Amino acid sequence: MVLKIYLDPCTINCRKVLAGVDLIGTDFELINIDYFNGGHKDPSFTKINPCATVPAATDGDLVLTESNAIMQYAADIKQGGSSAYPVDPKRRADVNRWLLWEASVWFPSCYVYIVQNVVQELLGGKPDQAALSAEEPNFHKLAKVLELTLSKQKWIAGNEVTIADIAIASPMHLWREQKLPLENYPGITRWIQEVEKLPCWQKTQGAVEKALLPNKKQSTNGANGSGGSVKATLNYTKDVSPQLTEIYFYETEKSKGIHEPGDAAHEVDIHDGWSRANDFHVDKHGFSLNHFRAKYSKAWDEDETVRSEFYPEIVEFLKKTLGAKEVLVFDHTIRTKKNVAKPLTDQKNTSQRAPVQLVHCDYTAESGPKRITQLLPDRAPELLKRRHAFLNVWKPLHAVEENPLAMCDVTSSPPEDFFKLHLRYHDRDGENYLLRYSPEHKWYYFPGMDEGKVILLKTFDSEEGVAKFVGHSAFADPTSKSDARPRESIEIRTIAFF
């Protein structure tokens, strides 16, 4: 069974669970409940949680309706455990007591400040100063307890971040706008700013701000996960028809004088997609972000091992995620900066390449079906009668700090924006799509994306009325640090048959 979590990411306890389970690294299926439109009162949800509160979680016949319990259980079922919820009895007891402290006294106190200083304004009202004054002595009493701990150590339960940090930070997740009186608590202030640097926290900030701070100008620092954007250069291609645009993957006189791709660089806004991560769908937008924690733990440069042990994980993941009846994994590429100097004509060890800074899509309306005929000649006539779709599964091998992947929302890139790139190999010809530049294109990326997630990219679909071709490209993120760890990722090429 798969852990299913029902939540609206903008609420305190839902944000806690979303960030906490991400920190833990447990696989789960996210089911969005639209809290502000009454989704928590829908009969389909109250069957799960009669209290009509979010979050909730199910795992088979187990139902959990308390946020801290959901995090604890997610850690318990994590294969190999998680340092976010230590197994050592004493350290775990320390985390547990802070979880109880947060739920029983810290949350109610911080909640007064978020209701009066954030929610009231959202509803067009004014803060009740009497309510704030009445709560202030209690807040200071509790803050002194927390300060005593955080003045001595980096995190709540010691030198490593745990779910106790996520739990206690959640009721104060808008601490500036809540106007929490932290002036005399340098330890708490230092700590909450450290929490705000955590990738799991940054990824969940956008949804909170979108719902509760609609008038706040979003940050333009894409690395903070707050729903802002960065200005970056993407390499489009000029359409020089009737001349073809081509690439040769071998040395030949034929390659002289050809028109090669990537000659139309444009600066564009690339939007931080974390605040919309749950909205993107591969059949509408051409891409989606999915939770996927690989069991594979061997070297990624061992091609045969990757094929025999990792490919089956991808097959099962796509069958479950897409509802496909059959999935063929036929190729993969490891992309890393160390391969930048490797020429395209070097066809040795083709699974090792550099990130591609070129706006493209891997297949065309003609090359998709043709590739099925090449890979599965005996079965192709039967398979081509069924719906078939090519999808790349893009997975970081560690948190992405530079050269992230950007996707062009298919709803902003009509078919007439695409034209062909002809690929010339020794033994065959292939085709990709390139994109003409358009100011209407909407680009998204997921800064800080880690190895616990994958992006699905639709590169061909035989079905009408769905996204067919998604333009995508790596790009130089201007917000990356000078000492950023070079990106390492694997992309798995697949065909799903329905």
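Residues numbered from 1 in each chain as written. Predicted model: local features only at pLDDT ≥ 70, side-chain atom pairs only at ≥ 80, totals over all residues. Heavy atoms only, no water.

A. Structural view of the overall build of the protein. When helices and strands are tallied, the protein shows twelve helices and 19 strands. Whereas a compact globule of 498 residues would reach a radius of gyration of roughly 23 Å, the protein reaches 25 Å, a difference of no more than 12%. Along the first, second and third principal axes, the C-alpha atoms of the protein reach 80 × 45 × 45 Å. In the protein, which comprises 498 residues, the proportion classed as buried is 54%. (Helix = DSSP H or I, 4+ residues; strand = E, 2+ residues; numbered from the N terminus. Rg over C-alpha atoms; globule rule 2.2 N^0.38 Å. Buried < 20%, exposed > 50% of the residue type's maximum accessible area, 1.4 Å probe, protein only.)

B. A look at the pattern of salt bridges. If you walk through the whole model with that rule in mind, you get 30 salt bridges. For the salt bridge of Arg 387 with Asp 283, the shortest nitrogen-to-oxygen distance reads 3.2 Å. Within this pair, whereas Arg 387 is found in the loop between α12 (380-383) and β12 (388-396), its partner Asp 283 is found in the loop between β7 (264-272) and β8 (287-291), the two being separated by 104 residues in sequence. The class of Asp 283 is partly exposed, set by a relative accessible area of 25%. (Salt bridge = Lys/Arg side-chain N within 4 Å of Asp/Glu carboxyl O.)

C. The arrangement of helix α4 (residues 89-122) in detail. Approximately 45° is the largest bend angle found in α4, and it occurs at Glu 102. At the exit of α4 stands Gly 124, carrying a positive phi of roughly 85°. (Bend = angle between axes of the 7 residues up to and from the residue.)

D. Fine view of the sheet that holds strand β1 (residues 4-7). Taken together, four strands build an open sheet; the order of strands is β2-β1-β3-β4 and the sheet is mixed. At either margin of the open sheet sits one strand with a lone partner, and together these are β2 (29-32) and β4 (62-64). Taking each pair of neighbouring strands and ignoring which way they run, the sheet shows an average axis angle of 20°. Pairing analysis gives four bridges linking β1 to β2, with the strands arranged parallel. The residue of β2 that forms the bridge with Leu 7 is Asn 32. Docked against the sheet, helix α3 (residues 67-76) engages β1, β3 (56-59) and β4, running at close to 135° with respect to β4. (Pairing = 2+ DSSP bridges. Axes fitted to C-alpha atoms, helices over the stretch in contact; angles between N-to-C directions. Contact = heavy atoms within 4.5 Å.)

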